[in-house]
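Fold and contact review
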Amino acid sequence: MKFFLDTAMIDEIKAANEWGILDGVTTNPSLVYKSGRPFKDVLLDICKIVDGPISAEVTTLTAPEMVKQGTELAKIHKNIVVKLPTTVEGVKACKQLSEKGIKINSTLIFSASQALVMAKAGASYVSPFIGRLDDVSEDGMVLIDDIRDIFDNYEIKTEILAASIRHPMHVVECAKAGADIATMPYSVFQQLIKHPLTDVGLKKFMEDWEKAKH
Ligand code: E4P
């Protein structure tokens, strides 16, 4: 399973990248706004740090505008993946941009039918937002299971990029369900490796080792 960071904060990306297991980064307009920095500067900085797919979202709503903006975003760096909204206009733009060889991440996916349509339009990644489904009392994991089944039935190569992840168990459940990628906030990335019993056990080993040396 690939791990992406879902952030536009450069210090978080640097820190996570130092672990040596970071595969890519996703951003969105809200995350860029939170960073307080110009979009292009943020993307260029991320591309310098992480050698993997970096999602950059269009901020336009019609297919011609998305194709224009997506084409410009893709020119920034070879690792840029253009993030398109999952709408009728997004489908049209996805078809055109993917035919030009530009990789597409279809964002704001809340149903299996949306994922199927965007895969047919050539998306390299579909992003089901599982946390936001949980927020409205729907089980986000059911969506991951359904998309996995459908893509396996037809040997669809589009990768399932589980998004809107809120906690480590989301990552574990996505891994069990066969999602290809989990994109998560830095706080969740850090939580993945934490366990209180590891801390207690290590403290005891270090204390005993100190005593054993004498
Ligand atoms: C994915 O690419 C999105 O940026 C992200 O996962 C949205 O998550 P949120 O529901 O925490 O805003």
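Summarised in this report is the structure supplied together with it. (Residues numbered from 1 in each chain as written. Predicted model: local features only at pLDDT ≥ 70, side-chain atom pairs only at ≥ 80, totals over all residues. Heavy atoms only, no water.)

**As for the site of the ligand**
So the rule is basically this: Proximity is defined per residue: if any heavy atom of the residue lies within 4 Å of a molecule or strand, that residue is considered near it. Side-chain atoms alone can form a polar contact between residues adjacent in sequence; in general such a contact is a pair of N or O atoms within 3.5 Å, and within protein one must be able to donate a hydrogen while the other accepts it. A 1.4 Å probe and the Shrake-Rupley method give the accessible areas. Residues count as covered only by the protein chains that appear here.
The full set of residues close to the ligand is Asp6, Thr26, Asn28, Lys83, Phe129, Arg132, Ala163, Ser164 and Arg166. For the ligand, an oxygen atom lies 2.7 Å from a polar atom in the side chain of Lys83. Here an oxygen atom of the ligand and a backbone polar atom of Ser164 are 2.7 Å apart. The fraction of the free accessible surface of the ligand (350 Å²) that becomes covered by protein chains is 85%.

**A short note on the nonpolar core**
For soluble globular proteins, nonpolar side chains are generally found buried alongside one another. Threshold: Nine residue types can take part in a nonpolar core, namely buried Ala, Val, Leu, Ile, Met, Phe, Trp, Tyr and Cys, and a core is a set of them joined through side-chain atoms within 4.5 Å. Per-residue accessibility, obtained with a 1.4 Å probe over protein chains only, is compared with the maximum for each type, and a residue is labelled buried under 20%, exposed over 50%, and partly exposed between these values. In this description, contact between two residues means that some pair of their heavy atoms is separated by no more than 4.5 Å.
In terms of nonpolar packing, the biggest core is built from 57 residues, with Leu84, Ile144 and Ile147 touching the most fellow members. Contact partners of Ile147, with chain neighbours within four places excluded, come to Ile109, Ala112, Ala115, Val126, Pro128 and Ile160. Core analysis: the next-biggest nonpolar cluster, separate from the first, contains five residues, Phe4, Val81, Leu161 and Ile181 among them.

**Things to note about helix α1 (residues 10-17)**
Rule in force here: Labels follow the DSSP assignment, with helices taken as runs of H or I lasting at least four residues and strands as runs of E lasting at least two, numbered in each case from the N terminus. Directions from the helix axis toward the C-beta atoms define the arc.
Taken residue by residue, α1 has Ile10, Ile13 and Ala16 as its buried positions. One side of α1 holds all its buried residues, which, seen down the axis, span an arc of 130°. Next to the buried residues of α1 lie β1 (2-6), β2 (24-26), α3 (39-49) and α10 (186-191).

**What to know about the pairing of strand β8 (residues 181-184)**
Within a regular strand, the side chains alternate between the two sheet faces. Applied cut-off: Seen with its strands pointing away from the viewer, a crossover is right-handed if its path from the first strand over the helix to the second goes clockwise.
The two faces of β8 match: Ile181 and Thr183 on one face and Ala182 and Met184 on the other face are all buried. With helix α9 (residues 168-177) bridging strand β7 (residues 159-162) and the parallel β8, this β-α-β connection has right-handed handedness.

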